[in-house]
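Fold and contact review
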Amino acid sequence: MDSELKQERWVEPEDKTPLLVEIDSDDQIYALKKSFKDGKCKTIEDKISLEQLQQLKMMHKLASEIQRLAVAFIPAVLTALSLWTRLRDIVSSNNVVWDEAHFGKFGSFYIKREFYFDVHPPLAKMLVALSGYLADFDGSFDFKSGADYPDINYKFMRQFNAMFGVFMVPLAYYTAKEFRLSTAACAFAATMVLLDNAYLSISRFILLDSMLLSATCFVLFSLSKFRNQREHAFSVKWWLWLVMTGVSIGTVSSMKWVGLFATSLVGLYTIEELWDLFGDLRLPKSSYLMHWVARVVCLIIIPCSIYVACFVAHFKVLDHTGSGDGTMTSLFQAGLKGSPIADNPLEIAYGSVVTIKHAAPNGGLLHSHIQAFPGGSKQQQVTAYHHKDSNNNWKVMKALSEGQSESELRIVRHGDIIRLLHNQTERHLHSHPIKAPVTVTQWEVSGYGNLTHGDPNDEWIVEIVGEHSNYPLDGILRSLTTKFLLRHRVLGCLLSAEKGIYLPQWGFGQVEIKCDQRNQTTSKNSIWNIEQHWNDRLKPAVTSAYKTSFWKNFWYLNQAMMASNNGLIPDPDKVDNLVSSPTQWPFLAKGMRMNGWGDNNVKFYLVGNPVVWWSSALSLFVFVGLLGYYSVQNIRALPTDSTVTKLVGHHEQATISAAEWEHFLFLGKTLVGGWFLHFLPFCVMARVTYLHHYFPALYFTILLCSYLVDHSLRRASTTRKIAVWGTAFTAVIASFIWFWPVSYGIYGPAADTMHNRQWRSAWNIINDYTPATFM
């Protein structure tokens, strides 16, 4: 009975206060009293009297009260400091800084309701637009990089954005609390977030990153809250935090696709949890099924609904024609207010002038210009181009054998042989058995001949493969709605383009057009549609002719976003000092200038607090070392007892208890796993990368670092704890103050104030030279 009592009531405390290390709960005092009465704890009885136990109990109550006040006071102070650091002197620069040129402009598009295209989902940009709306911004400023702000309330827009950075600090504190870290460790984690110069800098401008980071923080906070309710399944709090976890992953994924990495972390945790529940033979099958239903609803349906709802709002607001029209389908463009495409005549006739759009996501328009291929036939270049201009216009002409009489209006149909005459240069769309400039296994497509001269290699067969309207698939070629192939009459190959296949600089980086011999009639690479259509002899189509559905637009836009993301690759012919590689991030090998570096500019340099970044990176190696050490100890069966034996004044303790080992593994899987999920994808993707891509991963290692310090001090004396925590806090604060100018502005020549602050050779704070460095 006594052993059962001790095992049941004498538990490891969740948070040890520095005042009482050995006896810090009523449960322990109760257990000691029981031992005294039974006479089974002689060594303790010699040292501690019952009167002393009562005093210890009073001290414990006092310590608990102090701790309760600290729980409220410490995060309040840290949040107040976060407000001050993020908001102070936020308009020290009245210029458009770094990516404010992009995201401020995107916000203005929402205010003007003009359709645009970007590689990121819309939620964060809609929040930027909200800040502009609340600041009475009319969308007239175009946010040109480095430009002076006119008389608009950009201060409020920056402050609005900075609030998301403010929220990161209390979220870090309370997440650490849910991870059962000590008060000192919670405060340290929040302080590292508070005083990281990179987090501070990124929060003070009109950017998306502070929104993404705060949403990532909220995902981890919600997940930790939900996990701590696992013993109370289907309670109100359990449901609340499961729903909030779903809301958080829906929110973060709707800001940037990087949020899918946090979603993956929740997904992996959920899989493990459901697997553990599956092995619990005491759990009724109906309850297990309910666990599945709850997670499907809260972690799949709710996040997907949020993601889709953002696009519903996106399409609803952006209902006017704008700069991003060309990335969407021709049919979608016809539905935008002010779009000239809506006035297209419906059916294509000989003599019509048209633009021809590639059907693949983010497909370009068939294009030509006067420049010639430097090799091959050396004839006029034909490409696919993503912007609208007169070089995209082609005239539909009859086959050579039919002559050029246009007295009779004749509609183009399936199987017709046509020629396409480039309106600007009067060259025919042409192909021949000469290798394409990039895809050398296919034939080159060029511009050849003129109005009076041509040959059979100018002729193409129209093959209709789809009709996206209420009209039947009756073989008539219609603008916008009809999908068709252009098959070369002589060679039998198909006019094609392929995403990611670009011409070199001599072709202005435009998409290669080729004649594909593989006869892939179902491939989007070979499918086209008529976008714009001019013919004075035909009437405009009725409004109901050009309709499209939300789901088609949603799917197409997400495909276009993915294609554009994949196209963000480094240019080998260009040196970009803003770019950095993932291996350079953890140890802060390279920083980034955020704006112009002239002596008269207020300059901002994106670089983290070295103490925060380096200690966080080292914590990964420390964790792996401890994991190996503890694993060896477990293999050697040390200790055999499942609990840590802890007696007042005398210690017989194992390296780590069973409860501590379980907690160690959980935090390792969550924090190290979260870091891997946010870091490794950038190591394998081909797209261009920048320092701010590491910011979500950094957050996980900040919490890991705080935990490992706390873990190492779990049985240390109060004096040692004070010394270690004091040193850690001092180092972070001192480093932040030393690098204060990079976040709040470098005034005058950078060398005057920053010559002692360039700690890494590749930091280009003082000069442009950035030597190559691996890490």
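Residues numbered from 1 in each chain as written. Predicted model: local features only at pLDDT ≥ 70, side-chain atom pairs only at ≥ 80, totals over all residues. Heavy atoms only, no water.

Turning our eyes to something else, we now look at the state of the cysteines. Scanning the entire structure with this criterion turns up one disulfide. The disulfide that involves C493 links it to C515, with 2.0 Å between the sulfurs. Torsion about the S-S bond of the C493 and C515 cystine: about 95°, corresponding to right-handed handedness. Here C493 is found in the loop between β9 (482-488) and β10 (494-502), whereas its partner C515 is found in strand β11 (residues 511-516), with 22 residues between them in sequence. Pair check on accessibility: C493 and C515 agree, each one buried. (Disulfide = S-S within 2.5 Å. Helix = DSSP H or I, 4+ residues; strand = E, 2+ residues; numbered from the N terminus. Buried < 20%, exposed > 50% of the residue type's maximum accessible area, 1.4 Å probe, protein only.)

Here the focus is the pairing of strand β8 (residues 460-467). Side-chain direction in a regular strand flips from residue to residue, so the side chains alternate between the two faces of the sheet. Burial runs high along β8: six of the eight residues are buried. Across two bridges, the pairing between strand β5 (residues 417-422) and β8 is antiparallel. Each residue of the ladder has a partner; that of I417, found in β8, is I461. Alignment of β8 against β9, held across seven bridges, turns out to be antiparallel. Among the inter-strand pairings, V462 is bridged to a residue of β9, identified as L486. (Pairing = 2+ DSSP bridges.)

Averaged over the protein chain, the pLDDT score is 89; the fraction of residues at 70 or greater is 90%. For the stretch residues 1-25, pLDDT sits under 50, and the model shows 46 contacts to residues farther than four places along the chain or on other chains. Ignoring residues within four places in sequence, the model shows residues 638-654, a span with pLDDT below 50, making 24 contacts including any to other chains. (pLDDT = per-residue confidence, 0-100. Contact = heavy atoms within 4.5 Å.)

Scanning the model with the defined rule gives 62 aromatic pairs in all. Seen from their ring centres, F679 and Y694 are 5.8 Å apart, and the 85° between their planes marks the pair as edge-to-face. Of this pair, F679 sits in helix α17 (residues 658-684) while Y694 sits in the loop between α17 and α18 (695-712); the two residues are 15 residues apart in sequence, bridging distant segments of the chain. Classification of F679 by relative accessible area gives buried; the value is 8%. Owing to a relative accessible area of 1%, Y694 belongs among the buried residues under this scheme. Aromatic ring contacts, followed pair by pair, group Y199, F261, W585, W613, W675, F676, F679, F682, Y694 and F695 into a single cluster. Of note, K125 hangs over the ring of F106, and the distance from its end group to the ring centre comes to 5.7 Å. (Phe/Tyr/Trp six-rings, centres within 6.5 Å; stacked < 30°, edge-to-face > 60°. Lys NZ or Arg CZ within 6 Å of the ring centre and 35° of its normal.)

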